[in-house]
Amino acid sequence: MRAAPRVGLLIRPAKIISPDHQFLCVIRDLSETGLSVCVFHSLPECDHYTIEFQNGDRIPAEVMWRDGDRMGLKFLERADLDRLITSPSRYAKRPIRIELEAPAIVAMPGRDVPVRICDISGQGAKIACEEHMMLASNVVLRATHLPSTRAKIRWRRNGAYGLVFEDTLQMSELARIVAAMQNVAL
């Protein structure tokens, strides 16, 4: 018996946040009291996670069950189901970004620039570096566990740069990449 009716088969991306890591998942069903998700790899043992939805809303939850690549979580407080479904945001369909700290290299004609990856999604990454790089430059982002990825510099602000990938990373591929970049055993 469920405490609240569920909305099934949402198949919506989200982020699972543990005390030390962030991971991609897909929401399978949802209610005001909890949800079930599919994950792309094993997660570190943890009784409580925070779920971050595509619009940035975060809800703390406890693990109720695990079964292979599926997991059921119960929200610590009742959630607004209409808000979770409509997912209002100032960003239109912004992809889930995984925040992490990973050293990388931005290769451009004539030089390689050491950078730090601050966050990454399937469509791009936010990097930081000491050097000045030109907007609209075509570059290649290289990092451990990340295949060489062609990108374009889209924005620059206070030593941070936004890269847009030429080829989108599939969610399952990105999930495994970010887990490996955070030194989580798969």
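Figured I'd write up the structure that's included with this text.

**Describing the sheet that holds strand S8 (residues 111-120)**
- Strand order around the closed barrel formed by six strands is S7-S8-S9-S12-S11-S10, with antiparallel pairing between neighbours. Mean inter-strand twist for the sheet, computed between neighbouring axes without regard to direction, equals 45°.
- Note that S8 and strand S9 (residues 124-128) share four bridges and pair antiparallel. Considered in S9, the bridge of Ile117 is made with Ile127.
- Together, strand S7 (98-108), S8, strand S10 (138-143) and strand S11 (146-157) form the strand contacts of helix H2 (residues 171-181), whose direction differs from that of S7 by roughly 95°.

**Comments concerning the layout of surface pockets**
- Computed from the structure, the largest pocket encloses a volume of approximately 330 Å³.
- Along the walls of the largest pocket sit 16 residues, with Arg94, Arg97, Lys126, Trp155 and Gly162 positioned nearest its centre.
- The leading source of residues in the lining of the largest pocket is strand S12 (residues 160-165), at four residues.
- Tallied by class, residues from the lining of the largest pocket come to five nonpolar, five polar and six charged.

The rules behind each value
- Residues numbered from 1 in each chain as written.
- Predicted model: local features only at pLDDT ≥ 70, side-chain atom pairs only at ≥ 80, totals over all residues.
- Heavy atoms only, no water.
- Pairing = 2+ DSSP bridges.
- Helix = DSSP H or I, 4+ residues; strand = E, 2+ residues; numbered from the N terminus.
- Axes fitted to C-alpha atoms, helices over the stretch in contact; angles between N-to-C directions.
- Contact = heavy atoms within 4.5 Å.
- 1 Å grid on protein atoms, 1.4 Å probe; cavity = no way out; pocket = protein on both sides within 12 Å on 5 of 7 lines; lining within 4 Å.
- Points joined across faces, edges and corners; volume = space filled by probe spheres on them.
- Nonpolar A, V, L, I, M, F, W, Y, C, P; charged D, E, K, R; others polar.

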